[in-house]
Amino acid sequence: MENTEAKRNIKLIAFDLDGTTLHGFAELSERNRRAMEKANDADILVVPATGRVRNFIPPCLTELPFIRYAITSNGGAVWDILENKVICTDLIPTETALEVQKIFDDYELYVEYYVHGRGVTKRGNPDKARTIFGFPEEKYYFLTKDYTFTDNLSAYLKETHAEPEKINMMFIPESVRPEILARLQKLGGIELTFSNVDNIEINKKGCDKGTALYSLCKVLGINPKNTMAAGDNGNDLGMLKAAGFAAVVGNGIEEAKAIADAVVAPCIEDGFAEAVERFALR
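Rules used throughout
Residues numbered from 1 in each chain as written. Predicted model: local features only at pLDDT ≥ 70, side-chain atom pairs only at ≥ 80, totals over all residues. Heavy atoms only, no water. Pairing = 2+ DSSP bridges. Helix = DSSP H or I, 4+ residues; strand = E, 2+ residues; numbered from the N terminus. Buried < 20%, exposed > 50% of the residue type's maximum accessible area, 1.4 Å probe, protein only. Polar contact = N/O pair within 3.5 Å; in protein donor to acceptor, adjacent residues only side chain to side chain. Contact = heavy atoms within 4.5 Å.

Visitor: An account of the sheet that holds strand 14 (residues 262-263) is needed here, citing residue identities and associated values.
Guide: Pairing within the open sheet is parallel, and its five strands lie in the order 2-1-12-13-14. The open sheet has two free edges, formed respectively by strand 2 (45-48) and strand 14, since each of these has just one partner strand. The pairing of strand 1 (residues 12-15) with strand 12 (residues 227-231) spans four bridges and is classified as parallel. Bridge pairing in strand 12 places F15 opposite A230.

Okay, here's the thing in structure tokens:
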């Protein structure tokens, strides 16, 4: 049910990107940009909170001078963009990542590891995505990351002792998705979330955008009650629950709408800007 209480004492707005704020995959509408500018002018921090890895946040956001902090990898890493440094992390232990990879080795999948703000995947995967993996054309944008490539993901994990911020499968064929999901659910120490119907995102157990929001608030000395979160999908639920005020765009999933303080217009109609204008600006 929409919370109709008048404007709140919002000090920080955490917002999801895909399906919530961006039009397409890398475009910020004029109205959404203006809403961010007005929030900044009102001394409100605007913070991207995304499942994306740090180096895949689009320039339409990173080039805005007032965007300093970003929650990335579903909470696996919080970055100070201005100083290009990590503020806090909640990483998957190497041993756990190896257990996950052991499952993936039984399938032909596009698997990514997010490590130190970059994507890591097998050499040749972006080309295979268009053929062997059967990626739909509308998802080709997600193949354009600036990757670190390796010939063997298990060997990479063992040799580098990498502790991933997140493990990502962007497109899983429907024929094997239930089986893979069932096997992953038997493992301990991981958190499974989804940002669309055909992916699986893995974080450390207990890590999500909400825990990262709490960590960032602690660093900045902000009471989490004085925050707003805007989202649309499964990987936003922790953040929506953690924030003092939760806004969900009209295209959001029902589970997100059920915990929202307000349901606003769909992403394509700039529901993010509506939420900022109605519930954050004074």
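Visitor: For the environment of A258, give the residues involved together with the corresponding values.
Guide: By the element assignment, A258 lies in helix 9 (residues 254-258). Under the relative-accessibility criterion, A258 is labelled exposed at 63%. Spatially, the C-alpha atoms of A258 and V248 are 9.3 Å apart, while their sequence positions differ by ten residues.

Visitor: Describe the pairing of strand 5 (residues 85-89), listing the residues and the values that go with them.
Guide: On any regular strand, side chains alternate: one points to one face of the sheet, the next to the other face. Bridging between strand 4 (residues 77-80) and strand 5 involves four bridges; their strand directions are antiparallel. Following the sheet pairing, A77 is matched in strand 5 by T89. Joining the antiparallel neighbours strand 4 and strand 5 is a turn of four residues, in which N84 adopts a positive phi near 50 degrees.

Visitor: Any chance you could break down the side chain of D80 for me, citing the residues and the numbers?
Guide: Relative to the helices and strands, D80 resides in strand 4. Engagement of the side chain of D80 in a polar contact is seen with the side chain of R68, the distance being 2.9 Å. Setting aside its immediate chain neighbours within four residues, D80 contacts R68, Y69, K85 and I87.

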